[in-house]
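# Observations on the model geometry
Now for the letters of each chain:
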Amino acid sequence: MKKLWLLLALSLLTAACQPTQSTLSIGIQQKTELSVLARMVRQIIEGNTDIRVQGVECRDWFDCAGLLLRGEVDVIVDYSGTGYMFQRHLASSPEGTFDQVRKLYEPLGLQWLAPFGFDNTYLLVVPNDNARTLDLKTIADLNKIEGGVRITAPSSYVRRPVDGLPGLLRHYGLSLRGEALLIEDSFHRLLALHNGQADVAIVGTTDGALRDVSFTALEDSLHFYPKYEAAVVTRTEVIESHPQLLETLDQLKGKVSKTIMQELNYQVEIEGLNPEIAAHRFLRQSKLVTRAPVSQSRKLEMIIAIDEPGRLGGLTTFAVQAIRAVFPDHHVVLQHTEDAVEAVGQGKARLALLGADRLISVKKGRLDVDREKRIEAVAVLQTGYLHILRRRHEGSPKDALAGKLGVPLPGSEGARLALDVLHAAGKKPVVYAETPDLVEKVKTKELDAALIIHVLGDGRIQAALADEKLVLHTIPLGLENLPPYFNPVRIPRGTYPGQTEVVDTVGIQVVIAGPSPITTPGPLGGGPASALLPQNPPISIEEANALAQAIGIMEPPDPILPSVWLRSLVHGPSTGEVTTGQDLLDTGLNLAIIVFLGWLGVILIRRPPR
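Rules used throughout
- Residues numbered from 1 in each chain as written.
- Predicted model: local features only at pLDDT ≥ 70, side-chain atom pairs only at ≥ 80, totals over all residues.
- Heavy atoms only, no water.
- Helix = DSSP H or I, 4+ residues; strand = E, 2+ residues; numbered from the N terminus.
- Buried < 20%, exposed > 50% of the residue type's maximum accessible area, 1.4 Å probe, protein only.
- Contact = heavy atoms within 4.5 Å.
- Core = buried A, V, L, I, M, F, W, Y, C linked by side-chain atoms within 4.5 Å.
- Phe/Tyr/Trp six-rings, centres within 6.5 Å; stacked < 30°, edge-to-face > 60°.
- Lys NZ or Arg CZ within 6 Å of the ring centre and 35° of its normal.
- Pairing = 2+ DSSP bridges.
- pLDDT = per-residue confidence, 0-100.
- Axes fitted to C-alpha atoms, helices over the stretch in contact; angles between N-to-C directions.
- Left-handed = near helix turned anticlockwise from the far one by under 90°.
- Nonpolar A, V, L, I, M, F, W, Y, C, P; charged D, E, K, R; others polar.
- Disulfide = S-S within 2.5 Å.
- Polar contact = N/O pair within 3.5 Å; in protein donor to acceptor, adjacent residues only side chain to side chain.
- Expected span 1.5 Å × (residues − 1).

What follows deals with the overall build of the protein chain. Along its length, the protein chain carries 22 helices and 22 strands. For the protein chain, with 610 residues in total, the buried portion stands at 50%. Sequence-distant contacts, at least 24 apart, represent 76% of the contacts inside the protein chain between residues at least 6 apart.

With that settled, consider the nonpolar core. The biggest cluster of nonpolar side chains holds 62 residues, and the ones touching the most others in it are Met40, Val41, Phe116, Leu124, Leu142, Tyr157 and Leu168. Counting residues per element, this core draws most heavily on helix α2 (residues 32-48), at eight residues. Here valine 41 is in contact with Ile26, Val75, Val77, Phe116, Val232, Leu249 and Leu252, once residues within four sequence places are set aside. By size, the runner-up hydrophobic cluster in this structure holds 42 residues, among which are Ala349, Ala352, Ile388 and Ala449.

Now for the packing of aromatic side chains. The full count for this structure, using the stated rule, is eight aromatic pairs. Ring centres of phenylalanine 98 and tryptophan 112 lie 6.4 Å apart, and the angle between their planes is 85°; on these two criteria the pair is classed as edge-to-face. Linking phenylalanine 98 in helix α5 (residues 97-105) with tryptophan 112 in strand β4 (residues 110-119), this pair joins segments that are 14 residues apart in sequence. Owing to a relative accessible area of 5%, phenylalanine 98 belongs among the buried residues under this scheme. Between the aromatic rings of tyrosine 122 and tyrosine 225, the centroid separation amounts to 5.3 Å while the plane-to-plane angle is 40°, which identifies the pairing as tilted. Placement of the pair is tyrosine 122 in strand β5 (residues 122-126) and tyrosine 225 in the loop between β9 (216-217) and β10 (229-235), with a sequence separation of 103 residues. An aromatic cluster of at least three residues, connected via ring pairs, comprises Tyr122, Tyr157, Phe224, Tyr225 and Tyr228. Residue placement shows arginine 211 over the ring face of tyrosine 266; its charged tip is 3.5 Å from the ring centre.

Our next topic: the sheet that holds strand β7 (residues 181-182). With respect to topology, five strands assemble into an open sheet ordered β7-β6-β8-β5-β9, the strand pairing being mixed. In the strand order of this sheet, the two ends are held by β7 and β9, each with one partner. The sheet contact formed by strand β6 (residues 151-153) and strand β8 (residues 200-204) spans two bridges and is parallel. The residue of β8 that forms the bridge with isoleucine 151 is valine 200.

Turning our attention to the confidence of the model for the protein chain. Put simply, the protein chain has an average pLDDT of 82, and 81% of its residues get 70 or more. Scored below 50 in pLDDT, residues 519-534 makes 22 contacts in the model with residues more than four places away or belonging to other chains.

Let us now look at the packing of helix α12 (residues 258-270) against helix α13 (residues 275-285). Contact pair α12 / α13: the axes reach a minimum separation of 9 Å and the direction vectors enclose 145°. In this structure, the crossing between α12 and α13 has a hand that is right-handed. Side by side, α12 and α13 meet where Ile260, Leu264, Gln267 and Val268 of the first sit next to Pro275, Ala278 and Phe282 of the second. In the contact of α12 with α13, the residues fall into six nonpolar, one polar and no charged.

On to the pairing of β8. Burial analysis of β8 places five of its five residues in the buried class, which makes it a mostly covered element. Side chains of β8 alternate between two faces, with Val200, Ile202 and Gly204 and Ala201 and Val203 buried alike. Both β5 and β8 contribute to a ladder of four bridges, which runs antiparallel. Paired with tyrosine 122 across the bridge in β8 is glycine 204.

With respect to the secondary-structure elements, leucine 561 resides in the loop between α20 (541-551) and α21 (564-571). Look past the residues within four positions of leucine 561 in its chain and what remains in contact with it is Ala356, Leu359, Ile360, Arg371, Ala377, Gln509 and Leu566.

Quick look at the state of the cysteines now. Evaluated as defined, the whole model comprises one disulfide. Two residues, cysteine 58 and cysteine 64, share a disulfide whose sulfurs are 1.9 Å apart. Note on cysteine 64: relative accessible area 0%, which makes it buried.

Mapping serine 516 onto the fold places it in the loop between β22 (503-515) and α20. Engagement of the side chain of serine 516 in a polar contact is seen with the backbone oxygen of lysine 373, the distance being 2.4 Å.

With that out of the way, let us pick up the environment of arginine 493. Mapped onto the secondary structure, arginine 493 falls in the loop between β21 (487-491) and β22. Sequence separation between arginine 493 and valine 503 is ten residues; the distance between their C-alpha atoms is 7.5 Å. Among residues more than four places away in sequence, those in contact with arginine 493 are Gln499, Thr500, Glu501 and Val502. Looking at arginine 493, its side chain comes within polar contact range of the main-chain oxygen of threonine 500, at 2.9 Å.

Time to look at helix α15 (residues 315-326). Across its twelve residues, α15 extends 17 Å between first and last C-alpha, which sits within 8% of the 16 Å expected from 1.5 Å per residue. Most of α15 is tucked away: ten of the twelve residues are buried. Within the span of α15, buried status applies to Leu315, Thr316, Thr317, Phe318, Ala319, Val320, Gln321, Ala322, Ile323 and Val326.

Glancing now at helix α3 (residues 61-69). In terms of burial, α3 is a largely internal element, seven of the nine residues being buried. Just downstream of α3, glycine 71 is the residue with a positive phi angle, here 80°.

Right, let's talk about the side chain of serine 80 for a bit. Looking at the element boundaries, serine 80 is found in helix α4 (residues 80-85). Separated by 3.2 Å, the side chain of serine 80 and the backbone oxygen of lysine 227 make a polar contact. In this structure, serine 80 is in contact with Thr97, Phe98, Val101, Trp112, Lys227, Tyr228 and Glu229, ignoring residues within four places of it in sequence.

Below, the structure is given as structure tokens:
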């Protein structure tokens, strides 16, 4: 009995001597950026100390700051400008905001630690053509819009008492036309702006949706907004009881630039990456942590191959959003590759973004073509228009392709298509260059014309025609030998500066493409090994319809292309299952051979040794 009590006493003494692991809590706001940064903070603390950090969801600054002051959370991440405004102060200079807010909060027992390294101030953006037409350069210039300005903003911005919409309207003397269009995510705000539902959109400098789109940001000429530098905020008592936190968190000082933060936001908001994983990848790449976070809920990854991102511009973001809407359980990742067709054909990517020219090849004439068998068009993203630019004041030549001609850089999709047009006209280029260089060479008479293929209303063409030194020309008649993936189209009057007439040209579809059913010809459909090759399933007609609806373009792919729509006409509205008698026979023979090989393997394995 005495031994039992001795053992119990020793065990209690041993337990008492064991160090207990400290636990802190961090407030995690719903805003994507703050959510990613808070997870960075949690992971770097747990990866470099013995402190465990528990996440606590909070709605906004009011909620997080209140929890911090009451001791219900120990750490939060927020912006210096927000903290400054909620102390009802106006920054004497944007550069001094962080130091001033740090001094303001010290008497409250709160410490603003070293900032991450970027300023996510508010931006007011307008369409490029509106900026040019109305000469909009500053926020004050919005007063030029007759009848008041239509604004789209997140609902939280409308409720902000100092630096929100009411304060902005008063500061700049702006009048609002109707109620603000409240849209929570920046991508759909920019889409509403693009579609003419608003005159101006309120976004953040580091919003992921801004990565691949082009709008004009208006200058804050009256200095309404302070700097919004993201930083860690904690209580003084937390630092005193955990002194290792200062050195640990100081590793994040200046490590997150505006470009890095925008990319992280893009991965989470547009591609659908889990914020926990986005934070961990950044910390691993920056060599700030080595251990994986305690919990990572991963989504299935869907790779989208694209071999020339520059050609699509903002369409890439739009395409990813549409794909995510149809496949919400996936993390959609754009992957730049030398051959998007090959990537999908080999099962390395689920879908591809490409031009219609990648899906067929012309052998001897317009009607003699080979269609791509490995992948098929699923939905139309946009149509690329051929723009022929010449100098305005040199008369209108009978042949718009007369003289010295320039096309995009060799190997690019734009160059291939422009060369197709020139080949049909019996012409050759003398210069290969980027769009801005081609435009400049036409203006300086080094070239007579430039052939550029961009989507209708592209900002680069808008900029090229802004000073009205250049003009668009109609494509010459008689180009009967153009490849069949080109179709006659018209550029409407007024699409570009100084364009007073309709311009006839040709266009080519940009499509989302996916894997086609395995249709390798032959008596055994490619043999038994072909049935074992990894292959993504083809997109069903229902999924293709959903993608078209998400994009907002119900136009089917060109009939010359291999597409899910043509497959559905032949096989019915299936997901690509084999339906013909010959295909069924081929499949049956494949399966029989596989079963036979499996049986033979079992016999060999079970055969007793001699």
